[in-house]
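A structural walkthrough
This is what each chain is made of:
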Amino acid sequence: MWKTIFFDPLYNLLMWLISIVPYGSVGLAVIVLTILVKLALSPLAFKSTKSQLLQKKLQPKVAELRKEYPDQQEQAKKLMELYKEHKTSPFAGCLLILIQIPIIIALYRVFLVGLEIIPERFYSFVTQPDQLNVLFAGIDLAQRSILLAVLAGLTQFVQLQLSPLMRNAKKENPEREKNTEKETDEKPDSSQQMMAVSQMMQKQMKFIMPIMIGFVAMAVPGAVALYWIVNNLFTMAQERVIARKVAREDATVAGTTV
């Protein structure tokens, strides 16, 4: 069932791309396939990133509501009203993650075994490529590549550093820390503790995630590492475009309300 829904379509798309790109280049096919998948998920990525950026801006109001309504049920009700008023949801990013998980696993499996012809997996309308050129920029994508693994980890690190969500967190943290210092002198509540844990996890993720990706990329064929590199580069550009679009929308709304 999983192979029928996820693996087979992506495998056939990869084989078709290999058959039409110059010299049957697996590297070019992997790049094009990664971009196509990212483009297909772009509408969800836009909604998810926009929602997360908006939630960052709502943090001061969220903190006020938590202080004003200590009762958990009343607090949850007021928070949902706030999110509804601003047309966002704390669960907006979950759908994108849930959809991406099987696709990422399928892509991973495709790039692991997709460097060989598997006749029984082909659709009737997809012709087998005449050749599979696994050499890309002098690197054998069927074998492990330390260079591509390092680049995968490095691009993941840069992507997280440049992420508008992470940058916004950096800008907000100094003000939050000043406020929370006064509050924690009195008595820290659960929301402050959760916020502190969330900030700590974000900081750790920016270093742990790239290292993890780099080590995984060293243990798999270079095609998988190339996928991560292209994925990270595309995500950087995509998040930049989304952040600019959201900023323009906010400026337009601010201009109309003045």
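Residues numbered from 1 in each chain as written. Predicted model: local features only at pLDDT ≥ 70, side-chain atom pairs only at ≥ 80, totals over all residues. Heavy atoms only, no water.

**Quick notes on the nonpolar core**
Stated precisely, the cut-off is as follows: We define a nonpolar core as any set of buried Ala, Val, Leu, Ile, Met, Phe, Trp, Tyr and Cys residues linked to one another through side-chain atoms lying within 4.5 Å. For each residue, the accessible area found with a 1.4 Å probe, counting protein chains only, is set against the maximum for its type, and the residue is called buried under 20%, exposed over 50%, and partly exposed in between. Helix numbering and strand numbering both begin at the N terminus, where a helix is a DSSP run of H or I of at least 4 residues and a strand a DSSP run of E of at least 2. We call two residues in contact whenever any of their non-hydrogen atoms come within 4.5 Å of each other.
If you look at the biggest cluster of nonpolar residues, it comprises 39 residues, and the most contacted ones within it are Leu14, Val30, Leu33, Leu107 and Phe111. Elements with a minimum of two residues in this core: helix 1 (2-20), helix 2 (26-40), helix 6 (92-113), helix 7 (146-162), helix 9 (190-218) and helix 10 (222-257). Looking at which element gives the most residues to this core, the answer is helix 10, with eight residues. Those residues within four positions of Val30 in sequence are excluded, and the remaining contacts are Leu14, Phe111, Ala223, Leu226 and Tyr227.

**Regarding the environment of Leu96**
Here Leu96 lies in helix 6. Taking relative accessible area as the criterion, Leu96 reaches 11% and is therefore assigned buried.

**Here's the deal with the environment of Leu13**
Tracing the sequence through the fold places Leu13 in helix 1. The partly exposed category is assigned to Leu13, whose relative accessible area is 26%. Between the C-alpha atom of Leu13 and that of Tyr123, which follows or precedes it by 110 residues, the distance is 9.9 Å. Those residues in contact with Leu13 that sit more than four places away from it in its chain are Leu33 and Leu36.

**A short note on the packing of aromatic side chains**
The line we're drawing: Only Phe, Tyr and Trp rings are paired, with Trp represented by its six-membered ring, and only when their centres lie within 6.5 Å; those with planes under 30 degrees apart are stacked, over 60 edge-to-face, the remainder tilted.
Counted by the stated rule, this structure contains six aromatic pairs. On the numbers, 5.6 Å between centres and 80° between planes, the contact of Tyr11 with Phe122 is edge-to-face. One end of the pair, Tyr11, is in helix 1; the other, Phe122, is in the loop between helix 6 and strand 1 (135-136), with 111 residues separating them in the sequence. The buried category is assigned to Tyr11, whose relative accessible area is 0%. Seen in terms of ring centroids, Phe111 and Tyr227 are 5.6 Å apart; in terms of plane orientation they differ by 45°. Their pairing is tilted. Highlighted residues: Phe111 in helix 6 and Tyr227 in helix 10, separated in sequence by 116 residues. The pair Phe111 / Tyr227 is uniform in exposure class, with both members buried.

**Comments concerning helix 7**
Just so we agree on the cut-off: Residue count minus one, scaled by 1.5 Å, sets the expected span of a helix.
Its 17 residues give helix 7 an end-to-end C-alpha distance of 24 Å, which sits within 8% of 24 Å, the value for a rise of 1.5 Å per residue. Every buried residue of helix 7 is accounted for by Leu148, Ala149, Ala152, Gly153, Thr155, Gln156, Gln159, Leu160 and Gln161.

**Some details on the pattern of salt bridges**
To keep it simple, the criterion reads: Any Lys or Arg side-chain nitrogen located within 4 Å of an Asp or Glu carboxyl oxygen qualifies as a salt bridge.
Inspection of every chain in the model, using the stated rule, returns one salt bridge. Residue Asp8 pairs with Arg121 through a salt bridge whose shortest N-O separation is 2.8 Å. Linking Asp8 in helix 1 with Arg121 in the loop between helix 6 and strand 1, this pair joins segments that are 113 residues apart in sequence. Looking at Asp8, the relative accessible area reads 8%, which means it is buried.

**A look at unusual backbone geometry**
Even without being glycine, Tyr23 reaches a positive phi, approximately 60°. Here Tyr23 shows up in the loop between helix 1 and helix 2. Its identity is not glycine, yet Ala137 carries a phi of approximately 55°, on the positive side. One can find Ala137 in the loop between strand 1 and strand 2 (139-140). Among the residues examined, Ala137 registers a relative accessible area of 73% and is labelled exposed.

**Regarding the packing of helix 1 against helix 2**
Just so we agree on the cut-off: Every axis corresponds to a line fitted to the C-alpha atoms, with the helix fit spanning only the stretch in contact, and the corresponding angles, defined between N-to-C directions, vary from 0 to 180 degrees. Angles below 35 degrees are treated as roughly parallel, those above 145 as roughly antiparallel, those between 65 and 115 as roughly perpendicular, and all remaining angles as oblique. By definition, turning the near helix anticlockwise from the far helix through less than a right angle yields a left-handed crossing, and turning it clockwise yields a right-handed one.
It is the contact of helix 1 with helix 2, at a shortest axis distance of 9 Å, that shows an interaxial angle of 130°. Classified by the interaxial angle, the pair formed by helix 1 and helix 2 is oblique. In this structure, helix 1 meets helix 2 at a crossing whose hand is right-handed. When helix 1 is examined against helix 2, the residues Leu10, Leu13, Leu14, Leu17 and Ile18 are found in contact with a partner set consisting of Val26, Ala29, Val30, Val32, Leu33, Leu36 and Val37.

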